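Listed here are the chains, written in short residue letters.
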Amino acid sequence: MLTLGATLVWMLVAAPQPLAVLHALALGVFLTIALGLLYQFVPVVARRTLRMPTLAFVHLACAASGTALVVEGFATLDFTRVAVGGALHALGFALEIAVLAATVVGTRPPAAASGALASLAWLVAALAFGIAAAARLADGIAVAALARAHAIAALAGFFATLIVAISLRLARMFERVDRESRIGALAFAAHLAALAALAFRAGAIALACAGALFATEFTRIGRARAPAYQRETFWYALVSCIGGIVACAALWYEANQLAIVCALWLFVGTAVVGYLQRIVPFIAWIARARRDGARATPSLAAMNASALGYAILVCWTAAGIAFTADPRSRIGASIAMLAWIGLVTQLARAFLLRRPSPANP
């Protein structure tokens, strides 16, 4: 959250290199949040206790310092720093793999946890492609093919397969609609589509088809869902699906800038922002209920302001549309800053809100 706010301020007061901004968002915001949430998601779904939790903080230090080096390297065109920053991310990522593997060893994790763990293989590939590209750039060698492979492995491989794996599980937890049996098939389709996109230009069609299947599944969830708090979360998922499909179309037409903006901000970013508003209050509610008792803790519904959730979604989507026209748009950054302020407020409610007492409703 701090990196997101700082990046938006940077875009408002300066004209940073687009690749520096791209990696500040991809590594410092969305990847850091996704990997952080996996420390919570995999043990909960696998019904195991997280092993070696202190290593997660070492990972965080590697991720923060690695992001700083990568962003500074792109901002100053010092690609040696980019490669070193990528290596630090790889080290932190190796620690997470060790922690999660130790957590689930000896069990057969359910489909959601297995899918989340399988997505990590794509992140290994993305980091390898990215470090290799940075090393070649430092030597003055063209890296178009490596850069494309890096982007597809990260966005279509890691983020897409991860979102597919966790979304249907979260739907079961929060929407009370059980479609978890579809995770295996949908995740397999997403993996195949990412492989096709990595190998062939026509693979963009396969990605679009996988996105359409996922959107269809979420539409069914939307029609079957029970009355639940945070109804706006469904719309976050749907906007995310639309952003992903538009990114696939842009990739097919080789509109690479449009494809990256739609994939990163609208597909990945919208899903992450929507799920944060579910997962953070849920974790905070459990901690507060254990500490103060359930009767003294505000309900999950009260911890989230749905009107604010819709406002964040509108601002986030509007900013994404502005960025598709111009990734350096200060108008887009201003609207995104409004979304960020709303998101900080929304998440803070989970920690600051107090349950009304009968004498002081």
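Because the structure is predicted, anything quoted here is derived from the model rather than measured. (Residues numbered from 1 in each chain as written. Predicted model: local features only at pLDDT ≥ 70, side-chain atom pairs only at ≥ 80, totals over all residues. Heavy atoms only, no water.)

Here's the deal with the layout of surface pockets
- Put simply, the second largest pocket is a space of about 760 Å³.
- Looking at the second largest pocket, it is lined by 25 residues, and the ones nearest its centre are Thr32, Ile33, Gly36, Leu37 and Leu60.
- Residue assignment for the lining of the second largest pocket shows that the elements contributing at least two residues are α1 (2–13), α2 (18–46), α3 (54–76), α10 (256–292) and α13 (330–352).
- Broken down by element, the lining of the second largest pocket gets its largest block of residues, 10 residues, from α2.
- Looking at the lining of the second largest pocket residue by residue, the classes come out as 18 nonpolar, seven polar and no charged. (1 Å grid on protein atoms, 1.4 Å probe; cavity = no way out; pocket = protein on both sides within 12 Å on 5 of 7 lines; lining within 4 Å. Points joined across faces, edges and corners; volume = space filled by probe spheres on them. Helix = DSSP H or I, 4+ residues; strand = E, 2+ residues; numbered from the N terminus. Nonpolar A, V, L, I, M, F, W, Y, C, P; charged D, E, K, R; others polar.)

Here we look at a nonpolar patch on the surface
- A cluster of nonpolar side chains, contributed by Phe188, Leu192 and Leu195, occupies part of the molecular surface with about 310 Å² of accessible area.
- Considering the arrangement of structural elements, one finds Phe188 in helix α7 (residues 183–199). (Patch = residues over 30% accessible without salt bridge, like charges linked within 9 Å, V, L, I, M, F, W, Y side chains within 5 Å. Areas by Shrake-Rupley, 256 points an atom, 1.4 Å probe, with all protein chains shown as cover. Salt bridge = Lys/Arg side-chain N within 4 Å of Asp/Glu carboxyl O.)

Side note on the packing of α3 against helix α4 (residues 79–104)
- Direction vectors running N to C along α3 and α4 enclose 160 degrees, while the axes themselves pass 7 Å from each other. Judged by the angle between their axes, α3 and α4 are roughly antiparallel. For the element pair α3 and α4, the recorded crossing hand is left-handed.
- By residue class, the composition of the contact of α3 with α4 is 15 nonpolar, nine polar and three charged. (Axes fitted to C-alpha atoms, helices over the stretch in contact; angles between N-to-C directions. Parallel < 35°, antiparallel > 145°, perpendicular 65-115°, else oblique. Left-handed = near helix turned anticlockwise from the far one by under 90°.)

Considering the confidence of the model for the protein chain
- When the pLDDT values of the protein chain are averaged, the result is 88; 94% of them are 70 or greater.
- Here helix α11 (residues 300–303) is the element of the protein chain with the lowest mean pLDDT, 78, and α1 is the one with the highest, 96. (pLDDT = per-residue confidence, 0-100.)

What to know about the pattern of salt bridges
- According to the stated counting rule, one finds four salt bridges in the structure shown.
- Notably, a salt bridge pairs Asp78 with Arg81, separated by 3.4 Å at the nearest N-O pair.
- A relative accessible area of 34% means that Arg81 is categorised as partly exposed.
- Taking the shortest distance from any N to any O, the salt bridge between Arg291 and Asp292 comes out at 3.1 Å.
- By relative accessible area, which is 55% here, Arg291 ends up exposed.
- Within the structure, one salt-bridge network assembled from shared partners comprises Glu72, Asp78 and Arg81. (Buried < 20%, exposed > 50% of the residue type's maximum accessible area, 1.4 Å probe, protein only.)

Some details on the nonpolar core
- The biggest cluster of nonpolar side chains holds 107 residues, and the ones touching the most others in it are Phe30, Leu38, Phe41, Phe158 and Trp265.
- Ranked by residue count, the leading element in this core is α2, at 19 residues. (Core = buried A, V, L, I, M, F, W, Y, C linked by side-chain atoms within 4.5 Å.)

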